[in-house]
Amino acid sequence: MFSIADLEQRLAALGANAAHRQRVMRHWVQALPLTQGRRQLEHYLPHALLAALPALMAELEGLATLVESHPGADGSARLLVRLGDGQTVESVLLPRDGLCVSSQVGCAVGCQFCMTGRDGLIRQVTSAEIVAQVALARRQRAVKKVVFMGMGEPSHNLEAVMEAIEVLGTVGNIGHKNLVFSTVGDPRVFERLARGPVKPALALSLHTTKDALRRELLPRAPRLTPADIVDAGERYARETGYPIQYQWTLLDGVNDGDDELDAIVTLLKGKYGVLNMIPYNSVPELPFQRPDWDKARDIARRLHQRGVLTKLRDSAGQDVDGGCGQLRARAAQPRKRTVAIQPAR
Ligand SMILES: C[S@@+](CC[C@H](N)C(=O)[O-])C[C@H]1O[C@@H](n2cnc3c(N)ncnc32)[C@H](O)[C@@H]1O
Ligand code: SF4
């Protein structure tokens with residue numbers, strides 16, 4: 001297990017200067033053959049590095065290897081990925097060149113509706129292992145967007161995630177607004193993301209406007225109220241120019257009542273953001289129900305009419321254990337079905 005910083009050090013020890021390091025990293029992250037490039041590697045890299053390169057590339061490939069691929073009817077594919085020590089995480093190839101990656105094995109937040117949270121935190125995923133998930137996916141298809149919506153809470157592995165984001169947004173050739181950091185909301189996140197050289201877009205998993213219910217559903221999320229989260233999100237959105245993606249997992253009879261809709265309008269109307277409503281992926285082991293699609297569509301339509309930009313989305317690969325953590329648990333993000341769009345401002 002090593003980090004991007006460890007990799008940089010190893011390259012430097014083999015005689016690589018900054019430009020050499022960037023070139024090697026580009027081949028890895030973009031899954032480019034070593035023969036590709038304007039200047040051939042053998043005329044460019046120091047001898048020691050050249051000699052070590054095949055073994056090093058094999059080692060980098062070994063950071064994330066494919067165990068299973070479950071293609072969905074919507075063009076997505078849920079991947080079960082083995083890390084170097086045998087632990088497994090999920091990545092999801094999304095329609096339209098997106099990829100959902102995992103930042104932790106398990107998760108300490110313990111959301112009641114999430115299969116990943118049931119395991120608790122098993123271990124952190126290193127920055128190199130995060131980037132390796134992208135390299136693995138790129139060996140299968142193009143990746144132009146990376147969302148941190150797989151297993152784990154990125155704010156609990158913040159420095160590793162930020163290190164990976166910096167690589168992906170530079171040598172990885174991914175547009176900064178196409179890197180999406182998804183979090184339950186942690187005060188450190190807003191400050192840290194705004195400070196990085198690569199500022200990602202931000203998704204905030206809100207799920208309810210009620211503080212007490214949120215504490216129940218997300219038992220170990222930081223003690224920010226929904227209003228605190230939206231305030232901090234609004235500042236980040238204004239600072240970066242990217243709208244916040246508010247995430248709302250729709251749970252039948254739990255967070256889909258008229259009282260929630262009234263409070264959503266109070267909280268989000270006029271804010272620089274979009275509300276993504278994602279009907280819960282049923283997981284047999286968990287005690288929640290997915291609302292039917294017509295009900296979900298009606299909720300999105302009513303919010304739209306009241307001035308909240310709302311999109312109804314379905315998790316990718318509904319037909320192949322679409323709930324995050326299900327594939328790992330049993331040895332599985334967003335196909336868009338946009339029903340209502342209204343300019344937020
Ligand atoms: C798996 S989490 C990972 C990122 C981060 N921990 C978070 O919660 O934003 C990504 C999103 O998946 C959602 N999610 C988890 N389990 C789900 C399920 N069974 N059905 C639908 N969405 C789910 C979460 O609510 C969250 O918005
Ligand atoms: S939804 Fe996100 S924060 Fe909650 S348990 Fe799952 S991975 Fe962790």
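Residues numbered from 1 in each chain as written. Chains lettered and ligands numbered in written order. Predicted model: local features only at pLDDT ≥ 70, side-chain atom pairs only at ≥ 80, totals over all residues. Heavy atoms only, no water.

Focus on the site of ligand 2
Okay, so step 1: Ligand 2 sits among Cys 107, Val 109, Gly 110, Cys 111, Cys 114, Gly 117, Gly 152, Glu 153 and Val 184.
Okay, so step 2: Split into classes, the residues belonging to the shell around ligand 2 amount to five nonpolar, three polar and one charged. (Near = heavy atom within 4 Å. Nonpolar A, V, L, I, M, F, W, Y, C, P; charged D, E, K, R; others polar.)

Brief notes about the packing of aromatic side chains
Okay, so step 1: Across all of its chains, the model carries one aromatic pair by this definition.
Okay, so step 2: Consider the rings of Tyr 280 and Phe 288, whose centres lie 5.9 Å apart with planes at 75°: the pair is edge-to-face.
Okay, so step 3: With relative accessibility at 2%, the residue Tyr 280 sits in the buried group.
Okay, so step 4: If you follow Arg 10 out to its NZ or CZ, it ends over the ring of Phe 2, 5.3 Å from the centre. (Phe/Tyr/Trp six-rings, centres within 6.5 Å; stacked < 30°, edge-to-face > 60°. Buried < 20%, exposed > 50% of the residue type's maximum accessible area, 1.4 Å probe, protein only. Lys NZ or Arg CZ within 6 Å of the ring centre and 35° of its normal.)

Brief notes about the site of ligand 1
Okay, so step 1: Taken together, 18 residues are adjacent to ligand 1, and Gly 152, Ser 182, Ser 205, His 207 and Asn 281 come closest.
Okay, so step 2: The separation between a nitrogen atom of ligand 1 and a polar main-chain atom of Gly 152 is 2.9 Å.
Okay, so step 3: In the complex, the protein chains occlude 94% of the 540 Å² of accessible area that ligand 1 would expose alone.
Okay, so step 4: Of all the elements in the fold, those that place two or more residues in the shell around ligand 1 are strand 8 (179-183) and strand 10 (244-250).
Okay, so step 5: Of the residues in the shell around ligand 1, the class split is eight nonpolar, nine polar and one charged. (Polar contact = N/O pair within 3.5 Å; in protein donor to acceptor, adjacent residues only side chain to side chain. Areas by Shrake-Rupley, 256 points an atom, 1.4 Å probe, with all protein chains shown as cover. Helix = DSSP H or I, 4+ residues; strand = E, 2+ residues; numbered from the N terminus.)

Focus on the packing of helix 1 (residues 4-13) against helix 3 (residues 47-61)
Okay, so step 1: Interaxial distance between helix 1 and helix 3 falls to 11 Å at its minimum, and their mutual angle equals 160°. Here helix 3 runs roughly antiparallel to helix 1, going by the angle between their axes. Note that helix 1 runs across helix 3; the crossing there is right-handed. The segment helix 1 lies against helix 3, with Leu 7, Arg 10 and Leu 11 engaging Leu 49, Leu 56, Glu 59 and Leu 60.
Okay, so step 2: Each residue belonging to the contact of helix 1 with helix 3 can be placed in one class, and the counts come to five nonpolar, no polar and two charged. (Axes fitted to C-alpha atoms, helices over the stretch in contact; angles between N-to-C directions. Parallel < 35°, antiparallel > 145°, perpendicular 65-115°, else oblique. Left-handed = near helix turned anticlockwise from the far one by under 90°. Contact = heavy atoms within 4.5 Å.)

Overview of the pairing of strand 10
Okay, so step 1: In terms of burial, strand 10 is a largely internal element, seven of the seven residues being buried.
Okay, so step 2: Here strand 9 (residues 201-205) runs beside strand 10; their pairing, made up of three bridges, is parallel. When the sheet's bridge partners are listed, Ala 203 is paired in strand 10 with Gln 245.
Okay, so step 3: Of the crossover connections in this fold, the one passing from strand 10 over helix 9 (residues 258-268) to the parallel strand 11 (residues 273-279) is right-handed. (Pairing = 2+ DSSP bridges. Right-handed = clockwise from strand over helix to strand, strands pointing away.)

Remarks on the pairing of strand 11
Taken residue by residue, a regular strand's side chains alternate between the two faces of the sheet.
Okay, so step 1: Across the seven residues that make up strand 11, a large majority, seven, are buried.
Okay, so step 2: As paired elements, strand 10 and strand 11 share seven bridges and run parallel to each other. Each residue of the ladder has a partner; that of Trp 248, found in strand 11, is Met 277.
Okay, so step 3: Two strands pair when backbone bridges link them, and strand 11 and strand 12 (residues 310-315) are joined in this way by three bridges, in the parallel orientation. Considered in strand 12, the bridge of Leu 275 is made with Thr 310.
Okay, so step 4: For the crossover from strand 11 across helix 10 (residues 293-305) to strand 12, the handedness is right-handed.

Overview of helix 3
Residues spaced three or four apart along an α-helix face the same direction, because each turn holds 3.6 residues.
Okay, so step 1: Compared with an ideal rise of 1.5 Å per residue, which puts 15 residues at 21 Å, helix 3 spans 22 Å between its outermost C-alpha atoms and is within 8% of the ideal.
Okay, so step 2: The largest bend in helix 3 amounts to roughly 50° and is located at Leu 53, with the proline Pro 54 lying one to four residues further along.
Okay, so step 3: Considered for burial, the residues of helix 3 that qualify are Leu 49, Leu 53, Leu 56, Met 57 and Leu 60. (Expected span 1.5 Å × (residues − 1). Bend = angle between axes of the 7 residues up to and from the residue.)

Let's talk about the side chain of Gln 133
Okay, so step 1: Relative to the helices and strands, Gln 133 is located in helix 4 (residues 127-138).
Okay, so step 2: Once residues within four sequence positions are removed from consideration, Gln 133 is found in contact with Ala 64, Val 89, Glu 90, Ser 91, Leu 99, Val 101, Ser 102 and Val 125.

Comments concerning the pattern of salt bridges
Okay, so step 1: Enumeration over the complete set of coordinates arrives at 20 salt bridges.
Okay, so step 2: Residues Lys 210 and Asp 259 are paired through a salt bridge, measuring 2.7 Å at the closest nitrogen-oxygen approach. Taken together, the positions of Lys 210 in the loop between strand 9 and helix 7 (211-217) and Asp 259 in helix 9 put the pair 49 residues apart, joining distant regions of the chain.
Okay, so step 3: Judged by its relative accessible area of 32%, Lys 210 is partly exposed.
Okay, so step 4: The shortest N-O distance in the salt bridge between Asp 294 and Arg 297 comes to 2.6 Å. On the criterion of helical spacing, the pair formed by Asp 294 and Arg 297 is a turn pair, its members being three residues apart in helix 10. (Salt bridge = Lys/Arg side-chain N within 4 Å of Asp/Glu carboxyl O.)

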